[in-house]
Amino acid sequence: MTTIDLSFRIDQANAEIYVNSISAPLTTPVGLAANVSYVSFAKGAGTVIYNDRPAIPELFTDPSPYQSYIN
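Sequence order as written defines the numbering, with residues in each chain counted from 1. Local features are withheld for residues below a pLDDT of 70 in this predicted model, meaning they are given only at 70 or higher, and side-chain atom pairs are given and counted only at 80 or more; totals for whole chains, interfaces and linings count all residues. As a convention, hydrogens and water are excluded, and side-chain values are obtained from all of the structure's heavy atoms.

(A) Seen up close, unusual backbone geometry. At Asn 20, a position not held by glycine, the phi torsion is positive, near 50°. Mapping Asn 20 onto the fold places it in the loop between strand E2 (16-19) and strand E3 (22-25). Each residue's exposure class comes from its accessible area (1.4 Å probe, protein chains only) as a fraction of the maximum for that residue type: buried when under 20%, exposed when over 50%, partly exposed otherwise. For Asn 20, a relative accessible area of 38% gives the class partly exposed. With a phi angle near 70°, Ser 21 is a residue other than glycine that sits in the positive phi range. Secondary structure elements are defined from DSSP: runs of H or I of at least 4 residues count as helices, runs of E of at least 2 residues count as strands, and each element is numbered from the N terminus. Along the chain, the position of Ser 21 falls in the loop between E2 and E3.

(B) How the structure looks around the pairing of E2. Pairing between strand E1 (residues 8-11) and E2: four bridges, direction antiparallel. Opposite Phe 8, over in E2, you have Val 19 as the bridge partner. Should DSSP find at least two bridges between two strands, the strands are regarded as paired. Here E1 hands over to E2 after four residues, with Ala 15 in that stretch at a positive phi of 55°. One ladder, built from four bridges, connects E2 with E3; its direction is antiparallel. By the bridge assignment for E3, Val 19 is matched with Ile 22. The antiparallel hairpin formed by E2 and E3 contains two residues in its connecting segment, where Asn 20 sits at a positive phi of about 50°.

(C) Quick look at the nonpolar core. The definition of a nonpolar core used throughout is a set of buried Ala, Val, Leu, Ile, Met, Phe, Trp, Tyr and Cys residues joined through side-chain atoms within 4.5 Å. Counting residues in each nonpolar core, the largest one holds 13 residues, and the members touching the most others are Ile 10, Leu 32, Val 39, Val 48, Tyr 66 and Tyr 69. Listed by contribution, the elements that provide at least two residues to this core are E1, strand E4 (36-42) and strand E5 (45-50). Looking at this core, the element that brings in the most residues is E4, giving three residues. Throughout, a residue-residue contact means that at least one pair of heavy atoms, one from each residue, lies within 4.5 Å. Discounting chain neighbours no more than four positions away, the residues touching Tyr 66 are Phe 8, Ile 10, Leu 32, Val 39, Val 48 and Phe 60.

(D) Region of interest: the sheet that holds E5. In spatial order, the strands read E3-E2-E1-E4-E5-E6; together these six strands make up an open sheet with antiparallel pairing. Because the sheet does not close on itself, it has two edges, and the strands there are E3 and strand E6 (58-60). Neighbour to neighbour, the strand axes of the sheet diverge by 15° on average, direction disregarded. The pairing of E1 with E4 spans four bridges and is classified as antiparallel. Its bridge partner lying in E4, Asp 11 is registered against Tyr 38. Note on definitions: angles span 0 to 180 degrees between N-to-C directions of axes, and those axes are lines fitted to C-alpha atoms, for helices only across the stretch in contact.

See below:
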């Protein structure tokens, strides 16, 4: 089975998304939650940084909530 090493970053403050280091404008009509500043995912794990609390990254392992932005 072939696997792809997916990495992405979503920078809501600058309205940009980076998929495998390729940047594009963030154009999804339904944006991220207003309190999300930055999402990063690589090598099977990711972090979310919120703007309404201390900037301590919260970890996640399921990137599927962000799939619509990557597609």
